[in-house]
Amino acid sequence: MDAPRYRFAPSPTGFFHVGGARTALYNWALALRTGGTFVLRIEDTDESRNSPEWTQGIIDALAWLGIESTSPRFEGPYFQSANAELHRVAALRLHAEGKAYWCDLTAEQIQERAKESGRQGYDGYSRDRGLGPGPGHVLRFRVPEGMTVVDDLVRGRVEFQNDTIEDFVLLRGNGSPMFLLANVVDDIEMRITNVVRAEEHLPNTPKQQLLWEALGHAPPVWAHVPVLVNEQRKKLSKRRDKVALEQYRAEGILADAMVNYLMTLGWAPAGDTEIVPWSRIVDEFRLEDVNHSPAFFDVKKLSAFNGDYVRMLTPAEFIDAARPFLAGDVPWPADRFDQSVFDSAAPLIQTRIGALADIPAMVDFLFLADPKIDPDAWSKTMATEYAADVLDAMSEGLRGCAWGAEGIKAVLDAFTESRGLKLGKTQAPVRVAVTGRTVGPPLFESIEILGREETLRRIAAARSRLT
Ligand code: GLU
């Protein structure tokens, strides 16, 4: 048997949806494992909604996910709009063979007839009227009698009674091909053997299968993968939810983390961890194992995955990955940024972030002339009766201590013990004085990096503000 041919057939009508990313990855993983091909076909036939910018977005997003257009397993991109003539020829052939017919009913007339008969939709009125092509005439597919059985690798066997399928339109009144026709003719032309796509296309599948058969081909192996839902179990939507892959990328979700996370929506690798390298996913992924209930796209879990992937980076890789997030729209004046200072702070924050976009808020105190004091943090920590004393003790002790996290900690330890307090308590005012916040990278290491002079200056500033 020839190697399978998978395809990904997005419509370039908006940002690249995380659901589309998952579908693409499924197809890519399967093409890699089976020694098959991944065909990219841009379904750009809806001129009112398409734009070249979205097409480029798809190509960039696939590359980011590791679906490399230079791989020998990758074919395309093809553009559906380039095949319009092929679609028309196929439709006219169906007409010549009596499998399609012309119809001149307007939408109003169809509605009128439906109202009279009490049945929904087009009723097959023109089936035997023997009309030819004419201005405004659409070409309809003659749905045969019987039943259409879709064998789906994820959904199982799904039966459709043909009398519930109306004679759908193949060519519009202006002669342009409809989506279902274009989609099937392209799949046949591109010798696609496996169609793996979102579940929302399942209702179309019997029509498409009938078209495959009418055009003289055995249908492909179908697999419809479950929808992604949000926390309220509602289908992810552009309006309600963050669905654009680009947005996650911009926030500093690493590609490997995104890929791994998307692959665990409704599927899991063997073993007790879901964090596995792509090579293992390729080896193990089977459509038959994909759960057919909706999969929860959990942004918090994605962020946890990303944290794991960030921690797996080498220090140098982390510093590199952080670079784009340290320039441009940052909370400090650009000329105050010091790469070597960041490099020494990097190991402190690498273990503490979910997404790379969290980085600036963790290190801004190092690059701002004065820390940006969070008013809530200030009032919570400076109202304690020991706040002034701990600042005084630090101011005194840090002047002469050995400069390093340990020496700094020893100063605070001495004060803490003398008062019978806990380090967690006494750290807080110091942290707010130095960094402006109650949370952040480890305090003593942060102070070490900030330097003795600047730390003393900040403690003095906080102390005088306190009186
Ligand atoms: N162009 C369709 C879409 O983006 C996909 C159709 C298919 O995969 O068959 O929803």
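Small disclaimer: the values here were computed from a predicted structure and weren't measured. (Residues numbered from 1 in each chain as written. Predicted model: local features only at pLDDT ≥ 70, side-chain atom pairs only at ≥ 80, totals over all residues. Heavy atoms only, no water.)

1. Comments concerning the overall build of the protein
A tally of helices and strands in the protein yields 19 helices and 12 strands. Expected size for 467 residues packed as a compact globule is a radius of gyration near 23 Å; at 31 Å, the protein overshoots this value by more than 25%. Across its three principal axes, the protein shows a C-alpha extent of roughly 100 × 50 × 40 Å. In the protein, of all internal contacts separated by at least 6 residues, the share reaching a separation of at least 24 is 75%. (Helix = DSSP H or I, 4+ residues; strand = E, 2+ residues; numbered from the N terminus. Rg over C-alpha atoms; globule rule 2.2 N^0.38 Å. Contact = heavy atoms within 4.5 Å.)

2. Quick look at helix α14 (residues 375-382)
When we look at burial in α14, the residues that qualify are Ala 377, Trp 378, Thr 381 and Met 382. The arc that holds the buried residues of α14, viewed along the axis, is 100°, so those residues lie on one side. Those residues of α14 that are exposed and angled more than 90 degrees off the buried face are Pro 375, Asp 376 and Lys 380. Those residues of α14 that are buried are in contact with α15 (387-400), α17 (423-435) and α19 (452-466). (Buried < 20%, exposed > 50% of the residue type's maximum accessible area, 1.4 Å probe, protein only. Arc of directions from axis to C-beta.)

3. Notes on the sheet that holds strand β4 (residues 100-103)
Reading across the sheet, the three strands line up as β4-β5-β8 and stay open at both edges, with antiparallel pairing between neighbours. One side of each edge strand has no neighbouring strand; the edge strands of this open sheet are β4 and β8 (169-171). Each neighbouring strand pair of the sheet contributes to a mean axis angle of 40°, computed without reference to strand direction. Relative to β8, strand β5 (residues 138-141) runs antiparallel, the two sharing two bridges. Bridged to Leu 139 within β8 is Leu 171. (Pairing = 2+ DSSP bridges. Axes fitted to C-alpha atoms, helices over the stretch in contact; angles between N-to-C directions.)

4. Comments concerning the pattern of salt bridges
Across all of its chains, the model carries 30 salt bridges by this definition. The partner of Glu 199 in a salt bridge is Arg 155, and the shortest N-O contact between them spans 2.3 Å. Residue Glu 199 is found in the loop between β9 (194-198) and α6 (205-214), and its partner Arg 155 is found in the loop between β6 (147-152) and β7 (156-161); the two are separated by 44 residues along the sequence. We classify Glu 199 as buried; its relative accessible area is 18%. Under the relative-accessibility criterion, Arg 155 is labelled partly exposed at 31%. Each of Arg 7, Arg 41, Glu 43, Asp 186 and Asp 187 takes part in a single network of salt bridges with overlapping partners. (Salt bridge = Lys/Arg side-chain N within 4 Å of Asp/Glu carboxyl O.)

5. Things to note about the packing of aromatic side chains
With the rule as written, the count across this model stands at 15 aromatic pairs. Judged by centre distance (5.6 Å) and plane angle (65°), the ring pair of Tyr 261 and Phe 297 falls under edge-to-face. Placement of Tyr 261 in helix α8 (residues 255-263) and of Phe 297 in the loop between β12 (295-296) and α10 (299-312) is noted, with a sequence separation of 36 residues between them. Grouping residues by exposure puts Tyr 261 and Phe 297 together as buried. Joined through ring pairs, the aromatic side chains of Phe 8, Phe 16, Trp 28, Phe 38 and Phe 74 make up one cluster. The ring of Tyr 122 carries Arg 140 above its face, with NZ or CZ at 3.6 Å from the centroid. Sitting over the ring of Trp 378, Arg 465 keeps its end group 4.0 Å from the ring centre. (Phe/Tyr/Trp six-rings, centres within 6.5 Å; stacked < 30°, edge-to-face > 60°. Lys NZ or Arg CZ within 6 Å of the ring centre and 35° of its normal.)

6. What to know about the nonpolar core
In this structure, Phe 318, Phe 342, Leu 356, Ile 359, Val 363 and Met 394 are the most contacted members of the largest nonpolar core, which totals 53 residues. A per-element tally of this core places helix α13 (residues 359-367) first, with six residues. With near-sequence residues (within four places) excluded, Phe 342 lies in contact with Phe 318, Ile 319, Ala 322, Leu 326, Phe 337, Ile 349, Ile 359, Val 363 and Phe 367. Grouped together as the second largest cluster of nonpolar side chains are 50 residues, Val 18, Ile 42, Leu 245 and Val 259 included. (Core = buried A, V, L, I, M, F, W, Y, C linked by side-chain atoms within 4.5 Å.)

7. Re the environment of Ser 117
On the secondary structure map, Ser 117 appears in helix α4 (residues 107-117). Through-space distance from the C-alpha of Ser 117 to that of Ala 410 is 89 Å; in sequence the pair is 293 residues apart. Of the polar contacts made by the side chain of Ser 117, one reaches the backbone nitrogen of Arg 119; its length is 3.2 Å. (Polar contact = N/O pair within 3.5 Å; in protein donor to acceptor, adjacent residues only side chain to side chain.)

8. Brief notes about the site of the ligand
By nearness alone, every residue bordering the ligand is listed as Arg 7, Ala 9, Pro 10, Ser 11, Glu 43, Phe 179, Asn 183, Arg 197 and His 201. A distance of 3.1 Å separates an oxygen atom of the ligand from a polar atom in the side chain of Asn 183. Compared with its free state, where it exposes 300 Å², the ligand has 83% of that area covered by protein. Its residues placed into classes, the shell around the ligand shows three nonpolar, three polar and three charged. (Near = heavy atom within 4 Å. Areas by Shrake-Rupley, 256 points an atom, 1.4 Å probe, with all protein chains shown as cover. Nonpolar A, V, L, I, M, F, W, Y, C, P; charged D, E, K, R; others polar.)

9. A word on the packing of helix α11 (residues 315-322) against helix α12 (residues 339-350)
Contact pair α11 / α12: the axes reach a minimum separation of 10 Å and the direction vectors enclose 110°. Between α11 and α12, the angle is such that the two are roughly perpendicular. Seen from above, α11 lies across α12 with right-handed handedness. Of α12, the residues touching α11 (which contributes Pro 315, Phe 318, Ile 319 and Ala 322) are Gln 339, Phe 342, Asp 343, Ala 346, Ile 349 and Gln 350. Considering only residue class, the contact of α11 with α12 consists of seven nonpolar, two polar and one charged. (Parallel < 35°, antiparallel > 145°, perpendicular 65-115°, else oblique. Left-handed = near helix turned anticlockwise from the far one by under 90°.)

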